[in-house]
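Working through the structure, step by step
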Amino acid sequence: MEETAPAFNEDRDKLTTRVTDFARQLELMRIYTDAIIETVNDPVLILDKQLRVKSATKGFYNKFNTTEADIEGQYFYELKTCPWDNPGLIEKLTGVIRLKSSFTDFEITCNFPVMGEMVFRINARHLESFQEEHLVIITINDITAILLEKNQLAENKRLLEERIKLAVESADLGTWEMDTNTGKIIWDNRCQELFGINKATVSYAAFLNALHPLDRNTTDAIVKDVTNGLNNGKYSIEYRTRFEKENDMRWLKASGRVYFDEVGKATRFAGTVMDNTQQKLNEQLLRESEERFRMASDAAAAMIWLSGTDKMCNYFNKSWLQFTGRIFEQEKGDGWLAGVHPDDLDKCTEIYATNFDARQEFYMEYRLRRNDGAYRWLSDSGAPRFSPEGIFEGYIGTCIDIHDQKMTQGELEKLVADRTQLLSDAINNLEISNHNLEEFAYVASHDLQEPLRKIQTFANRLEEKNEEYLSEDTKLYLSKITQASGRMSRLIADLLNYSRLQKTDRPIETIDLNEVVTNVLNDFDLVIHEKKAIIHLSRLPVIKAVPMRMNQLFHNLVSNALKFSKPVIPPVLSIYAEILPDEIKDKYPTLKKDFSYTMISFADNGIGFNDEFAEKIFNIFQRLNGISEYEGTGIGLAICRKIVINHHGIIFAESKENAGSLFRVILPIS
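Each residue is numbered by its place in its chain's sequence as written, counting from 1. It should be noted that, the model being predicted, local features are given only for residues of pLDDT at least 70 and side-chain atom pairs only at 80 or more, the latter also being counted only at that level, while totals for whole chains, interfaces and linings use all residues. Just so you know, side-chain values use all the structure's heavy atoms and leave hydrogens and water out.

Section: unusual backbone geometry
Unusually for a residue other than glycine, Asp105 sits at a positive phi of about 55°. Elements are defined by DSSP. Helices are runs of H or I of four residues or more, strands are runs of E of two residues or more, and each kind is numbered from the N terminus. Among the structural elements, Asp105 can be located in strand 3 (residues 102-112). The buried label applies to any residue whose accessible area, calculated with a 1.4 Å probe on protein chains only, is under 20% of its type's maximum; exposed applies above 50%, and partly exposed to all values in between. Under the relative-accessibility criterion, Asp105 is labelled partly exposed at 48%. For Arg359, which is not a glycine, the phi torsion comes out positive at approximately 55°. Mapped onto the fold, Arg359 is located in the loop between helix 12 (342-358) and strand 14 (362-369). Overall, Arg359 belongs to the partly exposed group, its relative accessible area being 37%.

Side note on the pairing of strand 7 (residues 184-187)
Alternating positions in strand 7 separate cleanly, Ile185 and Trp187 being buried on one face and Lys184 and Ile186 remaining unburied on the opposite face. Each pair of strands is called paired provided DSSP finds at least two bridges between the two strands. Between strand 6 (residues 173-178) and strand 7, which pair antiparallel in sequence order, lie 5 residues; one of them, Gly183, sits at a positive phi of approximately 80°. Examined bridge by bridge, strand 7 and strand 8 (residues 201-203) share 3 bridges and lie antiparallel to one another. Counterpart to Lys184 in the pairing with strand 8 is Ser203.

Details of the sheet that holds strand 18 (residues 534-537)
In sheet architecture, strand pairing relies on hydrogen bonds along the backbone and comes in two forms, parallel and antiparallel. Strand order in the open sheet made by the 5 strands is 18-20-21-23-22, with mixed pairing throughout. Only two strands of the sheet have a single partner each, and these edge strands are strand 18 and strand 22 (650-655). Neighbour to neighbour, the strand axes of the sheet diverge by 15° on average, direction disregarded. Only C-alpha atoms enter the line fits that serve as axes; for helices the fit covers just the stretch in contact. Angles between N-to-C directions range over 0 to 180 degrees.

A closer look at the confidence of the model for the protein
Note on scores: pLDDT gives the predictor's confidence for each residue, bounded by 0 and 100. Averaged over every residue, the pLDDT of the protein is 82; residues scoring 70 or more account for 80%. Segment residues 626-630: pLDDT under 50, and 7 contacts once partners within four positions in sequence are set aside and those in other chains are kept. Whether two residues touch is decided by their heavy atoms; if any such pair falls within 4.5 Å, the residues are in contact.

As structure tokens, then:
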């Protein structure tokens, strides 16, 4: 017994030491575990096999705004922090205990009054303690933001795809993608339509076979180049498709890009294709149109040029180049200005630049050096050019050699100047002559009137003193002498009045024609009474005129109406006025369009005259009746016309024999 005690004690001490060390290790493990748990920010729970909470991390308390006292010892599915009583979740947690298993990525959605809807991803696994206690450790990850971002990315992707699809459809594009390993091409319905192949997937060989034979090799070479990395993998080409009928052939424009991996191997080749037929046809028509234009312009005698939007000339036709004797390379741009005469250069460039900036047509004349070195005058007409869409494209101009006309014009201008001087001299001489004639008429009238008065005086005295001794024949002769001298005296007076109408220095005044006609009728009061004449008057206007001339005009027209009345019928004279209608004014080119006129009418019931003499009666010394029937000199109506013309008006007559006469006077009132 004494020998075994030391051994027992030794074993006990060792065991005690081991237990103490184990306890210390457990304590350290607890401390480390607690320290680790304390540093975990994510919510973590440890449940026992009845799914009661044994412990939780601060991350759990903070996330769900709870405390250790609120949850420890509580059943997990009864916690108020979140509706954890999800049947699926409880079933999975029970399975972890029973099967000693685990699960991951179980998602549950919770609604919080303040935070709103949140989504959690739960992971759980079985944990067996040193006391052989079965536990479940749960980690809870908040994936709400991740899901929102994921959903937003998915929505953005959807919108982007819709926009791309809309853009592709709006542009009438077809989309395709080729597998660079197999050569298989997947394309959409638009591509199938454009290539005439009703298949969603075709081989690369079938694609090439759908092209025009002349475009296959070129297309194949470009595809191989870009898939091998040339041009940074960017693909752009135009080719024709092969159809049974030539008229059905389409031009297509394809664009795409090749994507490469890190070692430079092509992994993806995708792009679009569009129908470019109309543009190619338009380009062809444009080339043909330009060719026809060049052919036509080269055949034209006129010199034709074109310029672009930069004001620089980019075309000269054959006539221009032949005229200057220079080649296109010398003339293009602003090279043509070298041939412009130095005296015309500044004016020429200013007119061109100013009108070019204003996009308006222009015309200019300048001298241009011909191939023989001589300067010739040209007329240059320029006009802006626009595309069918209304886009400004530059200018087109035509030049014509006007040198001969210019020289002739200079000679004509000199001749006109000389003739103008001669005409001016003639006018001066005429004015001098008219002045002399006026002086002569004035002197002659006085010198002639004196002998006539003596003839009349002595004839009257001879007849009065010797009446009883004179025979009847002698009395007749003396009467003839008296009458002839009287007519001569009146003729001289009328001629003097007519000559004085040339003077224009009499003042213009505002006069009332009603006063004028009243004064004239007073002068004829005795004649009116003797002939029992009837006068009808209407209201006449106020105009600007020479008062004495208006009195003379009315006097002559009233006198004319009373003189040429019918012998046994009392004369009737109507004088009235009206505003001249535009349709009548337009018939007389001498009347001004912006003036208003009055038309004064003198209508009588006298003997009238044949209408063929309506113009002749206004000529001087023109008489339609014999002197023995109606006295007069034949100057009265000529004086009327002269007065009306001097007042910028017109006068004319209408009549029929034995049916009266109508004289119309048109005068301006403004």
